[in-house]
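A look at the structure
Listed below are the residues making up each chain.
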Amino acid sequence: MLNFTVRRIVLVMLVALTVSVIAFFLVRLSGDLATALAGEDANAQEIADIKKIYGLDRPLIVQYADWLLSALRGDFGASLYFPETVGELVAMRLPTTLLLAFSGLVVSLLIGIPFGVIAALKPDSWVDRISMSIAVAGQAIPTFWMGLMLMVLFGLILRLTPISGDESWQHFILPAFTLGYYSTPPIMRLTRSGMLEVLSADYIRTAYAKGLKPLRVLFKHALRNAVIPVVALASVQFGHMLSGAIVIESVFAMQGIGYLAWESILRNDIAVIQAILLIVCLFYVGLTFISDLLNAWLDPRIRVS
Amino acid sequence: MTPILETVDLECSFWISTGMFSPKKTLAAVNGVSVQLLKGQVLGLVGESGCGKSTLAKMLLGLQKPTKGNILFDGQPFERLSQFERAARVQPIFQDPYSSLNPRKTIFEIITLPLSVHKVGTSRDWLQKAREMMDLCGLASRYLNSYPSQLSGGQRQRVAIARALVMKPEVVICDEPTSALDVSVQSQILNLLMDLKNELGLTYLLISHNLAVVEHLADRVAVMYFGEIVENEDTEQLFNKPNHEYTKKLLNSVLVPDPSRFARSV
Amino acid sequence: MNDISADHPKLDPDNALRSNLTKHLFRRISAHNSILIGGGVLGAIVLMALFAPLLAPHDPFSQDLSRRLLPPFWMEDNNPKHILGTDNLGRDYLSRLIYGAQISLMIGVCTAIISGIIGSALGITAGYFGGRIDAVITFIITTRLSMPIVLVALAVVALVGGSLHAVILVLGFLLWDRYAVVMRSATQQARNMDYVSAARAIGCPTWRVVLSEIFPNVVNNLIVIATFEVAHAILLEASLSFLGLGVQPPDPSWGLMIAEGKEFLLFDPWVITIPGIALSILVLAVNMLGDGIRDVSAPENRN
C-alpha cells in the first residue's frame, strides 16, 4: 500500500505539473497580455514599456517558471478589472463554489444511495427500473436549462425559493439540486451493484442465519461495505461539480469562482483565468488521488498492477 | 540425420518489478534449453503448466525474443531469417480454437490470410487453395463463407490446422492441440495431424500435458521442469525407464490405462 | 439424497434457467425497444435537419420587429402563421428550431468522429504495445481527465473565437478520453487472443494485425461510446453557446436560443422552454439508441 501510495504521489505531481504548463500556455496564447494591460489605444512604445515592467519581454519558459513559483506562494498576480489581487479574489469566491459543490454532492448522495439500496433489495423490480429510467432520462436535460426551469417553477410561479444570488442557504437549494442531480445515476448504479454483491456474500447470509434483524444486517453489515466505493466515486464527482459550477453559477448569478471564471474569460482577464484553471485542476487531481487510494485500499489487486 | 530445428542453450528471462524500492528480479521462464527436432519426427514436450513450454514455443515462432542462446533452422541462425521467411517454415497450432480464430472473419479469410500476407498467387488461386486445404483437413467446403462461431470445436481446430499448413511449412508447433476439445473429437484431430504429417512430411513439436497422447505420437520426449529440460529420451525409453525424479513423479501422477506398466512401476 | 434441488427450489437448474431466460429476453426486448424509439426519434430529427429548407415555414434569420415575442399555438393571442411563436427579434421560432437541429447534429457527429479517431488511436496503441508506450498514453489520459472540460473549452473557444468550427474542434480535441480508456482495455483483451499470435506467426506486419485482427473485434465499443459522445457534445455545445462562447448569433443554436430567451424568462417562459425540450428530446433519443446498442451487442455489460 505504501508503495502504491508513493507511486501515485509521483504520478499526481507529474500530472499537476503538466496541467500547470497547459493552464499557463493555453491562456497565454489566448491574448497579448501587454496589449490588454496597456489598453486598446496604446501605442507601440507604451506596450513595449508595459512589457518591460511586467517582465513580458522574457522568454516564455522563464515567465512560466516565475508564474508557477509565485503561484505556489499564493501569488497569482493582478487582475485587470478588480482592485484585489487574484489570490484575494479567488480566496473570496472559492467558499461559495465549495459550498455549492458540497451541497450538490449531498443532494446526489441523498437521492442516489437510498434508491440504489432499494433497487438492490428488489433487483429488476419496478422501483429499480423506474428509478434508473428517470435518472438516466434526466441526464438528457441540459444543466443550465434545468436550472432555469426550476427557477421559473419554484422561484417565479410557486415563490418557494429565491430566484438567484447566494446570500442565504435558501439560495443554494435550486443550484445544489441542479448540480447534484447529474451525479445521481452513477452513484445510484454503484450503490446498487455494490449492494447486490455484498448481499450475496457469505457473511451476510451468515448474519441472517444468526437471526439478526434484517434492517440491522442491511445497515450495519451490508451498506457499510457497499458504501466505500461510493465514497471514492463521490470524491471524483465532487471534482466534476467544481467544474459544473461554472454553468450553474452563471445561471443563478452566484459569486463563486465559476462565475468569476466566466466573467474573466469574457473580459480576457488572463491572470484570473490561469489561477482558476490551475486551482480547479489541482482540486481534480487531488480528488482523483483520494479516490484511487480508497479504491486501492479496498481492492488489493489494484495496488499490484 | 541433421535436426531441422534446433535450440542451443536457449534462454528467456523476464524482469519482474516487485516494488519501487526493491531491486528488480529476473525470472527465467526458459533456462538453457537445447532440443533438436529431427525431420519427419515428432518431439513431445511435456511438463506442468508454467514450466516454460509456451515461452519456448513462442520463441520458436519468432513471437518472443530469446535473451540468450540460439535457434538454428537447418543449421542456420534463426534470427537471420525475417519473420516472413520464418513464417513460411514454422507455423503454430494453438490450444484453444475458440481463441485462435478471429471471430470477425470467414473461414476463407482465415485460411487464406497467410497467402494474402505473403502475396502468394491471386485471389482466384486462393479460393482453389482454400478448398484444397479444407478438403485435406476434412472440412466440407460449404463452410468456406461461415464464421468460426458457426463451427464446432473440432471443426475450428481443423480450420486452424488448414491455416497453419497453407504455406506448406516444414515444422508445426502444436501447443496442446487437443486439450480444449471434447474427448470424442480429440482422437479425430490427432489422427488428422498424424495423417498430415505422413502425407506432407511434416515435423512436429507436440506440446502436451497429456502423457498418453505424447506416448502414442512422439518419437522422442523432452521433459521440462522449471524452465529446464530435465530429460530428453526416446519415447519408449522414457516411459519405461524414466531417469529423472521429476519424470518419475510425472508418470506416476497419471492414471495409467496399461495395467502391466502399473505393475512394473510399483 | 439424489434430488438435492427438491429442498432448495432456488437451485433447481430448470427454474433458474427459465428465470434467467425471462430476464434475458426482457433485456433483449427492452434493448430493441430503446433502439426503435431512440433510433426513430433520432431519425425524424435527422430528416428534419436535412430537409430544413423545405420544412421551415419562414426564413430563420429574417427579423420582423413588429412581430416580437408572439406566443406559441397553445397560448392566447397566437398567430397561426407562427405555430411556435416568434423570438425577441420577431424571427419565426419553429423555423429557428428546425435549423437549430442542423447545428446540434453537426456538432454531435463531427465531434464524435474527431474525438473517436484521436481516442481510439491512442487507446489501441496503448493497449496493443503496452510497456512504456502504454505508460505515456495512460499519463496523457490521466492529464486530460484532470482538466475540467467546460472551463478548458470556454478558455480555448475564447482564444480562437466562438464559431461552429471552433466548437467542433475544441470539443473534438477534449472528448476523446472515454474512447481511449475503453479501447485500451478492449485492445489489451483482444491482443492476448491466439488469433493475434497466429497472425503474427504468419508474418503479418503490425499495422495489419492492428487493423484487420484487433480493430474489427473492438469496434463494437467504438459505436456505443460514439453515440454517448454525440449526446455529450450536443449538451456541451448548448452549454457553451448558452454562456456566449459557443456558436455565435444569429445562428439558431438551441443553447443560444435559450440564452437569448433568458431575459424574457419572467413573462414569456415558453421562449426558453421550447428549445430546452427540443434539446432534451434529441439527447434522450441518442442516449436511448446508445443504451440499446450496448445491451444488444453485450447484454452482460448492462450493469
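Definitions and cut-offs
- Residues numbered from 1 in each chain as written.
- Chains lettered and ligands numbered in written order.
- Predicted model: local features only at pLDDT ≥ 70, side-chain atom pairs only at ≥ 80, totals over all residues.
- Heavy atoms only, no water.
- Helix = DSSP H or I, 4+ residues; strand = E, 2+ residues; numbered from the N terminus.
- Rg over C-alpha atoms; globule rule 2.2 N^0.38 Å.
- Buried < 20%, exposed > 50% of the residue type's maximum accessible area, 1.4 Å probe, protein only.
- Contact = heavy atoms within 4.5 Å.
- Buried area = accessible area lost by both parts, 1.4 Å probe.
- Salt bridge = Lys/Arg side-chain N within 4 Å of Asp/Glu carboxyl O.
- Polar contact = N/O pair within 3.5 Å; in protein donor to acceptor, adjacent residues only side chain to side chain.
- Nonpolar A, V, L, I, M, F, W, Y, C, P; charged D, E, K, R; others polar.
- Disulfide = S-S within 2.5 Å.
- Axes fitted to C-alpha atoms, helices over the stretch in contact; angles between N-to-C directions.
- Parallel < 35°, antiparallel > 145°, perpendicular 65-115°, else oblique.
- Left-handed = near helix turned anticlockwise from the far one by under 90°.
- Core = buried A, V, L, I, M, F, W, Y, C linked by side-chain atoms within 4.5 Å.
- Patch = residues over 30% accessible without salt bridge, like charges linked within 9 Å, V, L, I, M, F, W, Y side chains within 5 Å.
- Areas by Shrake-Rupley, 256 points an atom, 1.4 Å probe, with all protein chains shown as cover.
- Pairing = 2+ DSSP bridges.
- pLDDT = per-residue confidence, 0-100.
- Expected span 1.5 Å × (residues − 1).
- Bend = angle between axes of the 7 residues up to and from the residue.

1. Re the overall build of chain B
Regarding its fold elements, chain B presents 10 helices and 11 strands. Relative to the 2.2 N^0.38 estimate, which gives 18 Å for 266 residues, the radius of gyration of chain B is 19 Å and therefore close to what a compact globule would have. By its C-alpha atoms, chain B is 55 × 55 × 40 Å across when sized along the principal axes. Looking at chain B residue by residue over its 266 residues, the buried ones come to 50%. Here the contacts in chain B between residues at least 6 apart in sequence split such that 67% fall between residues at least 24 apart.

2. Side note on the interface of chain A and chain C
Much of the literature gives interface size as the accessible area that the parts lose upon coming together. Of the residues lining the interface, 41 residues belong to chain A; the matching set on chain C comes to 43 residues. Surface buried jointly by chain A and chain C totals about 3,600 Å² across both partners, of which 79% is contributed by carbon and sulfur atoms. Per-residue buried area on chain A facing chain C is highest for Phe144, Trp145 and Ile265 of chain A; these three make up 16% of the total on that side. Summed over the shared surface of chain A and chain C, the result is zero salt bridges. Seen at the junction of chain A and chain C, the total is two residue pairs in polar contact (both at pLDDT 80 or more). Elements with a contribution of two residues or more to the side of chain A that touches chain C: helix 1 (2-28), helix 6 (126-138), helix 7 (143-157), helix 11 (214-252), helix 12 (257-267) and helix 13 (270-298) of chain A. Considered class by class, the residues forming the side of chain A that touches chain C number 33 nonpolar, five polar and three charged.

3. Regarding the state of the cysteines
Where two cysteines share a covalent bond between their sulfur atoms, that bond is called a disulfide. Following the criterion strictly, the structure yields zero disulfides over all chains and no others. The cysteine Cys12 of chain B is free of any disulfide, with Cys51 of chain B supplying the nearest cysteine sulfur at 13 Å.

4. What to know about the packing of helix 7 (residues 177-191) of chain C against helix 9 (residues 206-242) of chain C
Each pair of packed helices gets described by two things: the angle between the helix axes and the distance between those axes. Residue and element names in this part refer to chain C. Across the interface, helix 7 lies against helix 9 with an axial gap of 9 Å and an inter-helix angle of 165°. With respect to their mutual orientation, helix 7 and helix 9 come out roughly antiparallel. Considering how the two elements wind past one another, helix 7 and helix 9 form a crossing that is right-handed. Contact with helix 7, carried on its side by Arg178, Tyr179, Val182, Met183, Ala186, Thr187, Ala190 and Arg191, involves Ile214, Val218, Asn221, Leu222, Ile225, Ala226, Phe228, Glu229 and His232 of helix 9 and no other residues of that element. Considered class by class, the residues forming the contact of helix 7 with helix 9 number 11 nonpolar, three polar and three charged.

5. A short note on the pattern of salt bridges
Under the defined criterion, the tally for this structure stands at 18 salt bridges over all chains. Linking Lys129 of chain B and Glu132 of chain B is a salt bridge whose minimum nitrogen-to-oxygen distance equals 3.9 Å. Here Glu132 of chain B and Lys129 of chain B lie together in helix 4 (residues 123-136), a separation of three residues that amounts to about one turn. Here Glu132 of chain B falls in the partly exposed class, since its relative accessible area comes to 42%. Across the pair Arg294 of chain C and Asp291 of chain C runs a salt bridge whose closest N-O atoms are separated by 2.8 Å. Placement of both Arg294 of chain C and Asp291 of chain C in helix 11 (residues 270-297) is noted, with a separation of three residues, approximately one turn of the helix. Overall, Arg294 of chain C belongs to the partly exposed group, its relative accessible area being 25%.

6. Some thoughts on the nonpolar core
Across soluble globular proteins, nonpolar side chains have a tendency to be buried as a group. Ranked by internal contacts, the top residues of the largest apolar core, which has 139 residues, are Phe144 and Ile276 of chain A together with Leu171 of chain C. Element by element, the count of residues in this core is highest for helix 9 of chain C, at 15 residues. Those residues within four positions of Ile276 of chain A in sequence are excluded, and the remaining contacts are Val90, Ile257, Leu260 and Ala261 of chain A together with Leu151 of chain C. Core analysis: the next-biggest nonpolar cluster, separate from the first, contains 51 residues, Val42, Trp126, Tyr143 and Tyr204 of chain B among them.

7. A short note on a nonpolar patch on the surface
Residue and element names in this part refer to chain C. Together, Val46, Leu47, Leu50, Phe51, Leu54 and Leu55 make up a nonpolar patch on the protein surface, roughly 610 Å² of accessible area in all. Counting only elements with at least two residues in the nonpolar patch, the list comes to helix 1 (13-50) and helix 2 (52-55). Counting residues per element, the nonpolar patch draws most heavily on helix 1, at three residues. Structurally, the position occupied by Leu47 is in helix 1.

8. Digging into the pairing of strand 8 (residues 171-175) of chain B
Residues and elements named next belong to chain B. Within strand 8, five of the five residues are buried, leaving the element largely enclosed by the surrounding structure. Because side chains alternate across strand 8, one face comprises the buried residues Val171, Ile173 and Asp175, and the other comprises Val172 and Cys174, equally buried. Two elements, strand 7 (residues 90-93) and strand 8, share four bridges in a ladder whose sense is parallel. Note on strand 8: the bridge partner recorded for Ile93 is Cys174. The pairing of strand 8 with strand 9 (residues 203-207) spans five bridges and is parallel.

9. A closer look at the confidence of the model for chain B
Residues and elements named next belong to chain B. On average, residues of chain B score 85 in pLDDT, and 91% of them reach the 70 mark or higher. No element of chain B has a lower mean pLDDT than helix 10 (residues 259-265), at 49, and none a higher one than strand 9, at 93. With pLDDT under 50 throughout, residues 262-266 is counted as low confidence; its partners more than four residues away or in other chains account for two contacts. On the interface metric, ipTM, the complex scores 0.86, and its pTM is 0.85.

10. Details of helix 5 (residues 86-121) of chain A
Because an α-helix completes one turn every 3.6 residues, residues spaced three or four positions apart along the sequence face the same direction. Over its 36 residues, helix 5 of chain A extends 51 Å from the first C-alpha to the last, a length consistent with the 52 Å expected when each residue adds 1.5 Å. Of all the bends in helix 5 of chain A, the largest measures some 35° and sits at Leu94 of chain A, one to four residues before the proline Pro95 of chain A.

11. Concerning the side chain of Thr191 of chain A
Residues and elements named next belong to chain A. As for its placement among the helices and strands, Thr191 is situated in helix 9 (residues 184-199). A polar side-chain atom of Thr191 sits 2.6 Å from the main-chain carbonyl oxygen of Ile187. Apart from the residues lying within four places of it in its own chain, the contact partners of Thr191 are Gly112, Ile113, Gly116, Val117 and Val230.

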